[in-house]
Amino acid sequence: MGSTRYDLDARYDRARKAGYGTKSAGEIFTQNAKRMAHESMNPHGISFRESRDSEVHPNSVPIILGLDVTGSMGHIPHELIRDGLPKLMGGIIQGGVPDPALLFLGIGDHECDGYPLQVGQFESGDAELDMWLTRTYIESGGGGNAGESYLLAWYFAAFHTRTDAFEKRNQKGLLFTVGDEPCLKTLPASAIREIMGKGQQTYTHIELLEEVKKKYEVYHISVLHSDQALRADRGWRELLGQNCISIEDHREIPNVIKGIICDTFKNKTLGTTETEGLDQFQML
């Protein structure tokens, strides 16, 4: 994947024709009416999603964006399709990173939801990225179990992605989760089998975090729109340190991600040192 370019002019024209600026989330995210994940985003049976170099993108930079699609966070994909995604991709490219390959994940709750993990493909083109984002089912689930399954993003990235950046250049990708809840602490083998089709080992969130860090720089964007989110933020800070970025306005998500990616690329420090430029986003 990733053999097409992101064309801002084409994207704005297509978005205008599609009515992204005026249509409701239900009109854009059509899987919501069907109340089920799109078959192409069902991770059951997936071996790998791959970010490979191409003639168009000879130095692909793999980026994973795991979006919490439970009840309190379901508006974020709508904001991204309206104007956040072109701000993100345009900003990354204009910031000096010409070959981004972005993979969307939909994150729910493996203890409660019917579709706790949805998986797109690594893409670089504007039409392809819009397609995967709008295929996402905003399940609006979750439960009163003190967390969501952000660790599923770590599991999938660690064991079910392959990238030329890592295999050819020993460069880590970048993984972002976005949410307002704590991370659930355990991913049982039974849940992995149900979601992926096979799995024999139970993991803690710490174990999965260590696994995914071998191939990705891991960040969490903590959206502080409630007292509960403030409490969750403290746990994320303890877990990720400065790689937990706390924001009060969810519209800052594209700017946060763009800033981290561009700083990392400029400093040529993927997988070696801390990314600069996070302090401006640390609200608390």
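Overview of the structure. Throughout this document, residue positions are counted from 1 along each chain, in the order its sequence is written. Whole-chain, interface and lining totals are the exception, using all residues; otherwise, since this is a predicted model, local features are given only for residues with pLDDT of at least 70 and side-chain atom pairs are given and counted only at 80 or more. By convention in this description, side-chain values take in all heavy atoms of the structure and omit both hydrogens and water.

### Remarks on the nonpolar core
Move 1: The set of buried Ala, Val, Leu, Ile, Met, Phe, Trp, Tyr and Cys residues whose side-chain atoms join them within 4.5 Å is what this entry labels a nonpolar core. A simple rule labels every residue: compare its accessible area, found with a 1.4 Å probe on the protein chains alone, to the largest value its type can have, and call it buried under 20%, exposed over 50%, or partly exposed in between. Formed by 40 residues in total, the largest nonpolar core has its most connected members in Leu65, Leu85, Leu102, Phe104 and Phe176.
Move 2: Looking at this core, the elements that each hand over two or more residues are strand S2 (61–68), helix H4 (75–94), strand S3 (100–107), helix H5 (126–135), strand S6 (173–179), strand S9 (216–223), strand S10 (244–247) and helix H11 (253–267).
Move 3: Helix numbering and strand numbering both begin at the N terminus, where a helix is a DSSP run of H or I of at least 4 residues and a strand a DSSP run of E of at least 2. Counting residues per element, this core draws most heavily on H4, which supplies seven residues.
Move 4: Ignoring sequence-local partners within four residues, the contact set of Phe104 consists of Met41, Leu65, Leu67, Leu85, Gln118, Val119, Gly120, Leu129, Trp132 and Leu133.
Move 5: Ile64, Ala157, Leu184 and Tyr203 belong to the second-largest nonpolar core, a separate cluster that totals 35 residues. In this description, contact between two residues means that some pair of their heavy atoms is separated by no more than 4.5 Å.

### Points about unusual backbone geometry
Move 1: Residue Ser140 is not a glycine yet carries a positive backbone phi of 55 degrees.
Move 2: With respect to the secondary-structure elements, Ser140 resides in the loop between H5 and helix H6 (151–160).
Move 3: In this structure, Asn170 takes a positive phi of about 55 degrees despite not being glycine.
Move 4: Its place among the elements puts Asn170 in the loop between helix H7 (164–169) and S6.

### Looking at the packing of aromatic side chains
Move 1: For Phe, Tyr and Trp, rings pair up if their centres lie within 6.5 Å, where Trp contributes its six-membered ring, and each pair is then called stacked (planes under 30 degrees apart), edge-to-face (over 60) or tilted (otherwise). Taken as a whole, this structure holds seven aromatic pairs when the rule is applied.
Move 2: Seen from their ring centres, Tyr115 and Tyr137 are 5.8 Å apart, and the 75 degrees between their planes marks the pair as edge-to-face. In this pair, Tyr115 is assigned in the loop between S3 and strand S4 (117–119) and Tyr137 in the loop between H5 and H6, connecting sequence segments 22 residues apart.
Move 3: You can call Tyr137 buried: its relative accessible area is 4%.
Move 4: Ring geometry for Tyr150 versus Trp236: centroids 5.4 Å apart, planes at 75 degrees, classification edge-to-face. Of this pair, Tyr150 sits in the loop between H5 and H6 while Trp236 is found in helix H10 (residues 227–240), placing the two residues 86 residues apart along the sequence. For the pair formed by Tyr150 and Trp236, the shared burial category is buried.
Move 5: One aromatic cluster is present, formed by Tyr150, Trp154 and Trp236 through successive ring pairs.
Move 6: Consider the ring centre and the ring normal. A charge sits over the ring if Lys NZ or Arg CZ is within 6 Å of that centre and within 35 degrees of that normal. Here Arg162 stacks its cationic end above the ring of Phe48, 3.7 Å away from the centre of that ring.

### Observations regarding the state of the cysteines
Move 1: When two cysteine sulfur atoms lie within 2.5 Å, the pair is treated as a disulfide. Within this structure, the stated rule accounts for zero disulfides.
Move 2: Distance from the sulfur of Cys244, which forms no disulfide, to the nearest cysteine sulfur (Cys183) is 12 Å.

### Some words on the pairing of S2
Move 1: Extensive coverage of S2 is indicated by the burial of eight of its eight residues.
Move 2: Along S2, one buried face is formed by Val61, Ile63, Leu65 and Leu67 and the opposite face, lined by Pro62, Ile64, Gly66 and Asp68, is buried too.
Move 3: Whether two strands pair depends on DSSP finding at least two bridges between them. Examined bridge by bridge, S2 and S3 share eight bridges and lie parallel to one another. Counted as the bridge partner of Gly66 is Leu105 from S3.
Move 4: The path from the first strand over the helix to the second decides the hand: if it runs clockwise while the strands point away from the viewer, the crossover is right-handed. With H4 bridging S2 and its parallel neighbour S3, the resulting β-α-β unit is right-handed.
Move 5: Here S2 pairs with S6 via five bridges, running parallel. Its bridge partner lying in S6, Ile63 is registered against Leu174.

### Side note on the sheet that holds S2
Move 1: The six strands lie next to each other as S4-S3-S2-S6-S9-S10, forming an open sheet whose pairing is mixed. Whereas interior strands pair on both sides, the edge strands pair on one side only; in this sheet they are S4 and S10. Within this sheet the neighbouring strands show an average axis-to-axis angle of 20 degrees, counted without direction.
Move 2: Inter-axis angles, ranging from 0 to 180 degrees, are taken between N-to-C directions of lines fitted to C-alpha atoms, where helices are fitted over the stretch in contact. In this fold H5 packs onto S2, S3 and S4, with an angle of close to 5 degrees to the strand it touches most, S3.

### A short note on the environment of Leu239
Move 1: As for its placement among the helices and strands, Leu239 is situated in helix H10.
Move 2: For the pair Leu239 and Ala33, spaced 206 residues apart in sequence, the C-alpha to C-alpha distance is 37 Å.
Move 3: Not counting the four nearest positions on each side in its chain, Leu239 is found in contact with Trp154, His205, Ile206 and Leu209.

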